[in-house]
Amino acid sequence: MEKALINLHYEIIHGDFMKAGEASSNIKKALMQLGVDNAIIKRLCVACYEAEMNIVIHSYGGCIDVDIFEDRIEMNAKDKGPGIKDIELAMTEGYSTAPDVAREMGFGAGMGLPNIRKSSDEFEITSVVGEYTNVRIVIFID
Amino acid sequence: MNEIFHSVELIEEKCNGCTRCMIKCPVEAIRLKNSKAVIYGDRCIDCGVCIKVCPYNAHVGKRDVLDVLDNFKTKIAIPSVTLYSQFGEYIEPGLINDAIKSLGFDEVFDITYACDIVTEITKNEIEKMPKPAISPFCPSIIRLIQVNYPELVDHIVKVLTPIEVAAILIREKYGENSDGIGIFYLSPCVSRVTKGKYPFLSSETHIDGVLAISDLFPQLLKYINKNKAAAPQSNSNMSSTGIAWAIPGGQSKAMNLEEYIAVYGVENVIKVLDEIEKGKLSNVDFVEAFACTEGCLGGILLADNPFNARRIINKYYDKLDKRCEINEMSEEYKSRFLSDMKNNKTYNPKLAEDFASAVKKMNFMNKLINSLPGTDCGQCGSPSCKAFAEDVVRGLSTVDECKFITLKGGEGNEGK
Ligand SMILES: Nc1ncnc2c1ncn2[C@@H]1O[C@H](COP(=O)(O)OP(=O)(O)O)[C@@H](O)[C@H]1O
Ligand code: SF4
Ligand SMILES: [Mg+2]
């Protein structure tokens, strides 16, 4: 398999709202240092943040890997958790099962997954109920 | 690297090497080299935090002195709206203008008129922009966005500040005869001095100099105390919507906006920008962000404390019954007041010009970070271990400046 030029790896802990957003901030800084285009940084930042929050809110914990290749950036968000029964429903704008604690903090608008898809050139979500959810996106750098 | 003009300067003899400014600088623009602070100009946002925290007064803000007036035939003052808040009570604006003239000015321009023009243009512009739109008013915040949030630059409203608008109107009024005219901004903050010399959101500035209100204050106060009893000679036609610009939230109030955020203090502004960058706050129309506490009323070139100053500004707001009277402006009229975003010289965050070298440096930098203790002790002269690693790969520091480095996980050092 093609090896990434840079790999950025972040462990995401369930319920840790304090540290939430750190991964996407760090990733943004790295992309700036590599000279990646601002518009691409913006898209990845949004996707990464939403994926991070979904792990914090909906899973038991997981990690985010950002792999930078010459022509593209891949993000893999993997978690262990309840999984998603109806992916099509979860992808619907405004659909959310976020618990009250998350809603009180302003999360749970049900726009996360749709916005991740919108920000990406390739989008893939796989999930097994009771086991895991994986979100994989690709953004091409030109 | 240091080609960007800055108004914050270090007097080396006074610097004691205490690291306070290095630690407090919100954009990590300060290092300690040979026990003296050094400001990296490409990163500095002129917020003035280092001036405030330095116990030895080693950081100072540059500005012009009143003598510059002598170089001009006709001298015109554009006072910041904050100036009117400085005298501890409501003073007739006309009397304050008289006091300004007593310093040698021929004319005092009513900046609230320019504020109202900018209000009208902004109202229009934000309709066409990504949300939330960000006010271009505080130059330190604009620099902060350019340096650390380049992907948010298109959220900044592309309108000139009331100061530039005022200066353009003055030049137009004098037209042919504008030779020998000197236009001076009376400023509450050092950041404006930089902006005055180096307008980073547009290709040129129309002002000739920036004077510190705190430098002029004693003379102004003296004049006002002496002449308080008599009716002022100058008249004034200030608007409440314009005076509101002195307070965070005032621009939004002038635009009758409801969905706005007013935030001040660089750390707080960073929190808000972090959210915008993650795609949040897209339901907010407008963000007014200021580097100083209480916005411009907390500018370090003012005399009074910002909280008392706000009390006085509120009095003006209530007493002035003129509101914004700018009517429909033609596109052509407006276009003169839009910033061209040229001269957008900004910080270059790239570790190297080409991608391959940047990748190499980043891999080395990450390895280096793992070899550092992570205690951010600052003895290397960089504000944090991460910043030190970055300095090393940028060639600004050398590895041996850290006394605590343990080269673990490095190539050839595996398993150590
Ligand atoms: N990692 C995940 N694990 C389990 N369920 C998830 C995960 N990510 C998303 N979901 C489900 O999909 C729904 C929609 O997600 P999203 O669009 O991000 O909206 P929100 O997070 O605001 O609820 C969530 O409410 C949740 O039911
Ligand atoms: S003015 Fe602000 S940004 Fe510049 S060095 Fe001082 S604290 Fe840092
Ligand atoms: Mg979500």
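Residues numbered from 1 in each chain as written. Chains lettered and ligands numbered in written order. Predicted model: local features only at pLDDT ≥ 70, side-chain atom pairs only at ≥ 80, totals over all residues. Heavy atoms only, no water.

The name given to chain B in an unreviewed UniProt entry is Ferredoxin, with the source organism recorded as Fervidicella metallireducens AeB.

Asks: Please clarify how the overall build of chain B should be interpreted in this entry.
Replies: Counting secondary structure elements, chain B contains 15 helices and 11 strands. Over its C-alpha trace chain B gives a radius of gyration of 23 Å, about what one expects of a compact globule, namely 22 Å for 416 residues. Viewed in the frame of its principal axes, chain B has a C-alpha envelope of about 85 × 50 × 40 Å. Considering only contacts in chain B between residues 6 or more positions apart, those separated by 24 or more positions represent 79%. For chain B, the accessible surface area stands at approximately 17900 Å², while carbon and sulfur atoms represent 48% of it. (Helix = DSSP H or I, 4+ residues; strand = E, 2+ residues; numbered from the N terminus. Rg over C-alpha atoms; globule rule 2.2 N^0.38 Å. Contact = heavy atoms within 4.5 Å. Areas by Shrake-Rupley, 256 points an atom, 1.4 Å probe, with all protein chains shown as cover.)

Asks: Looking at this model, I keep getting lost on the site of ligand 1. Mind explaining?
Replies: Residues and elements named next belong to chain A. Close to ligand 1 lie 18 residues; His58, Asp79, Ser96, Thr97 and Gly110 are nearest. Between ligand 1 and Asn54 there is a distance of 3.0 Å, counted from an oxygen atom to a side-chain nitrogen or oxygen. Gly112 is positioned with one of its backbone polar atoms (N or O) 3.2 Å from an oxygen atom of ligand 1. Sorting elements by how many residues they give to the shell around ligand 1 places helix α5 (residues 112-119) first, with 3 residues. When the residues that make up the shell around ligand 1 are grouped by side-chain class, the tally is 8 nonpolar, 9 polar and 1 charged. (Near = heavy atom within 4 Å. Polar contact = N/O pair within 3.5 Å; in protein donor to acceptor, adjacent residues only side chain to side chain. Nonpolar A, V, L, I, M, F, W, Y, C, P; charged D, E, K, R; others polar.)

Asks: Just checking my understanding: could you explain the packing of helix α3 (residues 93-101) of chain B against helix α8 (residues 213-227) of chain B for this structure?
Replies: How two helices sit against one another is set out by the angle between their axes and by the gap between those axes. All names here are of chain B. Two elements in contact, α3 and α8, have axes whose closest approach is 9 Å; the angle formed by their N-to-C orientations is 125°. Taken as axis vectors, α3 and α8 run oblique relative to one another. When the axes of α3 and α8 are compared, the crossing they make is right-handed. Every residue of α8 that contacts α3 at Leu95, Ile96, Asp98, Ala99 and Ile100 is listed here: Leu220, Tyr223, Ile224 and Asn227. Each residue belonging to the contact of α3 with α8 can be placed in one class, and the counts come to 7 nonpolar, 1 polar and 1 charged. (Axes fitted to C-alpha atoms, helices over the stretch in contact; angles between N-to-C directions. Parallel < 35°, antiparallel > 145°, perpendicular 65-115°, else oblique. Left-handed = near helix turned anticlockwise from the far one by under 90°.)

Asks: For this particular structure, what's the right way to read the packing of aromatic side chains?
Replies: Here a ring pair, both rings aromatic, is described through the centre-centre distance and the interplanar angle of the planes. Residue and element names in this part refer to chain B. All chains considered together, the criterion is met by 8 aromatic pairs over all chains. Measuring from ring centre to ring centre gives 5.2 Å for Phe137 and Trp245, while their planes differ by 85°; the resulting arrangement is edge-to-face. Taken together, the positions of Phe137 in the loop between β7 (133-134) and α5 (139-148) and Trp245 in the loop between α9 (240-243) and α10 (250-254) put the pair 108 residues apart, joining distant regions of the chain. Overall, the relative accessible area of 9% leaves Phe137 in the buried class. Relative accessible area serves as the criterion here: at 4%, Trp245 is assigned to the buried category. A network of ring pairs unites the aromatic residues Phe72, Phe105 and Phe184 as a single cluster. (Phe/Tyr/Trp six-rings, centres within 6.5 Å; stacked < 30°, edge-to-face > 60°. Buried < 20%, exposed > 50% of the residue type's maximum accessible area, 1.4 Å probe, protein only.)

Asks: Looking at this structure, how should I read the nonpolar core?
Replies: Inside soluble globular proteins, nonpolar side chains tend to come together where they are buried. Residues and elements named next belong to chain B. Membership of the largest hydrophobic core comes to 120 residues, with the highest contact counts inside it found for Ile78, Leu144 and Tyr316. Looking at this core element by element, the count peaks at 7 residues for helix α6 (residues 162-174). Inspection of this core shows a minimum of three residues originating in each of domain 1 (1-62) and domain 2 (66-129 + 158-243 + 301-343). Ignoring any residue separated from it by four or fewer positions in sequence, one finds Leu144 in contact with Val27, Ile45, Tyr149, Val266, Val269, Ile270 and Leu273. (Core = buried A, V, L, I, M, F, W, Y, C linked by side-chain atoms within 4.5 Å. Domains from an automatic or database assignment.)

Asks: Please explain the domain arrangement of chain B as it appears in this structure.
Replies: Often, the extent of an interface is quoted as the loss of accessible area on bringing the components together. On domain assignment, one finds that chain B holds domain 1 (1-62), domain 2 (66-129 + 158-243 + 301-343) and domain 3 (350-416). Each of domain 1 of chain B and domain 2 of chain B has a C-alpha centre, and these two points are 29 Å apart.

Asks: Help me out: how do you make sense of the interface of chain A and chain B in this one?
Replies: Counting residues at the interface gives 22 residues for chain A, matched by 24 residues for chain B. Together, the buried faces of chain A and chain B total about 2000 Å²; carbon and sulfur atoms form 61% of this surface. The largest contributions to the chain A side of the interface with chain B come from Met32(A), Gln33(A) and Lys42(A), which together make up 31% of the buried area. For the pair chain A and chain B, the interface holds 4 salt bridges. Taking the shortest distance from any N to any O, the salt bridge between Lys29(A) and Glu390(B) comes out at 3.3 Å. On the surface where chain A and chain B come into contact, there are 9 residue pairs in polar contact (both at pLDDT 80 or more). Counting residues per element, the ones that place at least two in the side of chain A that touches chain B are α1 (22-34) and α2 (38-58) of chain A. (Buried area = accessible area lost by both parts, 1.4 Å probe. Salt bridge = Lys/Arg side-chain N within 4 Å of Asp/Glu carboxyl O.)

Asks: Would you mind showing me how to read the site of ligand 2 here?
Replies: In the vicinity of ligand 2, 13 residues are found, and the nearest of them are Cys25(B), Cys44(B), Ile45(B), Cys47(B) and Cys50(B). Residue composition of the shell around ligand 2, grouped by class: 11 nonpolar, 1 polar and 1 charged.

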